[in-house]
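What the coordinates show
Here are the chains, one letter per residue:
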Amino acid sequence: MAIFSSRTFSLKSGGIVIVRSALPDDAQAILDVATSVLAENQFTLTTVEEIKGLQQQVERIADMNQAERAIILLAEVDGRAVGAADFRCGTKKRNAHHGDFGVSVLKPWRDQGVGHALVTTIIDWAAAHPDIEAVRLSVDPTNARAIAVYRKLGFVDEGVLKRSVKYEDGRYADSLLMRRDV
Ligand SMILES: CC(C)(COP(=O)(O)OP(=O)(O)OC[C@H]1O[C@@H](n2cnc3c(N)ncnc32)[C@H](O)[C@@H]1OP(=O)(O)O)[C@@H](O)C(=O)NCCC(=O)NCCS
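Now for a quick tour of the structure. Because the structure is predicted, anything quoted here is derived from the model rather than measured.

1. With respect to the pairing of strand S1 (residues 6-10)
Across a regular strand the side chains alternate sides, sitting on one face of the sheet and then on the other. Pairing of S1 with strand S2 (residues 16-21), which is carried by five bridges, proceeds in the antiparallel orientation. Note on S2: the bridge partner recorded for Thr8 is Ile18. Counted along the chain from S1 to the antiparallel partner S2, the turn is five residues long, and its residue Gly14 has a positive phi close to 110 degrees.

Here you go:
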């Protein structure tokens, strides 16, 4: 069962952010973070209309917490959710040694170190797992802030999927694949 108790990180502003496993009771907080970030409609694959509802979030969190090679995290400042992340390994025997993550931080809380704290927690959790060998992600190559977080934490480029995202207005975006061995 992949429940992570909590970790504390310093924010650039001087406060602290607590990163902990999200629990089913945090479903509304997870939903609120996702809705706010996806409503920006930039750099994310999922559209705001595709967000799962509250009950599905409860079930998703419970499922992630039950899984042995998955983790779902909430970042809190003064008891308020400011960011979230999730990581899951492949579900086949032959791809269970690595996984992908997604990470979101509310706009007013960016550039404070919250993203760094969430991704650090995923890396350290994966590194402590005896069977996980690498953490992966896919990012819009123009998402400079996200790429800065990943490079600083040791992720390297693996390749580019051309035109892998198609926006509603017909524009395409590539996806940069990045990996960090743990
Ligand atoms: C990507 C995201 C999770 C990062 O979270 P965050 O809390 O802002 O990240 P941090 O504060 O830890 O770090 C941001 C870093 O980017 C740097 N940065 C900010 N804007 C930048 C830019 N335009 N170019 C280069 N670096 C930039 C900051 O200086 C900081 O680096 P530093 O710690 O070396 O000073 C957050 O911006 C977000 O949720 N974005 C929208 C959703 C998204 O893009 N998710 C990722 C999809 S792969």
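Alright, that's what it looks like, and here's the rest.
2. With respect to the site of the ligand
Around the ligand, a shell composed of 23 residues is seen, among which Lys12, Val105, Gly113, Gly115 and Asn143 lie nearest. Here Val103 contributes a backbone N or O atom positioned 3.0 Å from a nitrogen atom of the ligand. Between the ligand and the protein, one listed contact pairs an oxygen atom with a backbone N or O atom of Val105 at 2.7 Å. Computed on the free molecule, the ligand has an accessible area of 960 Å², of which 75% lies beneath the protein chains in the complex. For the shell around the ligand, the elements supplying multiple residues, two or more each, are strand S5 (98-105), helix H3 (114-128), strand S6 (134-139) and helix H4 (144-152). Of the residues in the shell around the ligand, the class split is 11 nonpolar, seven polar and five charged.

3. Let's talk about H4
All of the buried residues in H4 are Ala146, Ile147, Val149 and Tyr150. Looking down the long axis of H4, one finds its buried residues gathered within 155 degrees of arc, a one-sided arrangement. Exposed residues lying more than 90 degrees from the buried face of H4 are Ala144 and Lys152. Residues of H4 that are buried in the fold lie against S5, H3, S6 and strand S8 (172-181). Remark: Gly154 follows H4 within two positions and exhibits a positive phi of approximately 95 degrees.

4. Here we look at the packing of aromatic side chains
Inspection of the entire model under this criterion finds four aromatic pairs. Between Phe101 and Tyr150, the aromatic rings sit 5.6 Å apart at their centres with planes inclined by 80 degrees, giving edge-to-face as the arrangement. Of this pair, Phe101 sits in strand S5 while Tyr150 sits in helix H4, and the two are 49 residues apart along the sequence. We note that Phe101, like Tyr150, is buried. Members of the aromatic cluster, joined through ring pairs, are Phe101, Tyr150 and Phe155. The cationic tip of Arg163 hangs over the ring face of Tyr172; the distance from NZ or CZ to the ring centre is 4.1 Å.

5. Digging into the side chain of Gln57
Here Gln57 lies in helix H2 (residues 54-66). Beyond its immediate chain neighbours, meaning those up to four positions away, Gln57 contacts Ala27, Ile30, Leu31, Ile51 and Lys52.

6. Some points on the environment of Glu158
Among the secondary structure elements, Glu158 is positioned in strand S7 (residues 156-166). In the structure, Glu158 is positioned 20 residues away from Ser138 in sequence and 9.7 Å away in space, judged by C-alpha atoms. In this view, Glu158 contacts Arg136, Leu177, Met178 and Arg179; residues no more than four positions away in its chain are not counted. Separated by 2.8 Å, the side chains of Glu158 and Arg136 make a polar contact.

7. Remarks on the packing of helix H1 (residues 27-39) against H2
Orientation of H1 relative to H2, taken along the N-to-C sense of each, is 110 degrees, at an axis distance of 9 Å. In terms of orientation, H1 lies roughly perpendicular with respect to H2. Residue-level inspection shows Ala27, Gln28, Ile30 and Leu31 of H1 in contact with H2, the latter providing Leu54, Gln57, Val58, Arg60 and Ile61. For the contact of H1 with H2, the residue count by class is six nonpolar, two polar and one charged.

About the thresholds
Residues numbered from 1 in each chain as written. Predicted model: local features only at pLDDT ≥ 70, side-chain atom pairs only at ≥ 80, totals over all residues. Heavy atoms only, no water. Pairing = 2+ DSSP bridges. Helix = DSSP H or I, 4+ residues; strand = E, 2+ residues; numbered from the N terminus. Near = heavy atom within 4 Å. Polar contact = N/O pair within 3.5 Å; in protein donor to acceptor, adjacent residues only side chain to side chain. Areas by Shrake-Rupley, 256 points an atom, 1.4 Å probe, with all protein chains shown as cover. Nonpolar A, V, L, I, M, F, W, Y, C, P; charged D, E, K, R; others polar. Buried < 20%, exposed > 50% of the residue type's maximum accessible area, 1.4 Å probe, protein only. Arc of directions from axis to C-beta. Contact = heavy atoms within 4.5 Å. Phe/Tyr/Trp six-rings, centres within 6.5 Å; stacked < 30°, edge-to-face > 60°. Lys NZ or Arg CZ within 6 Å of the ring centre and 35° of its normal. Axes fitted to C-alpha atoms, helices over the stretch in contact; angles between N-to-C directions. Parallel < 35°, antiparallel > 145°, perpendicular 65-115°, else oblique.

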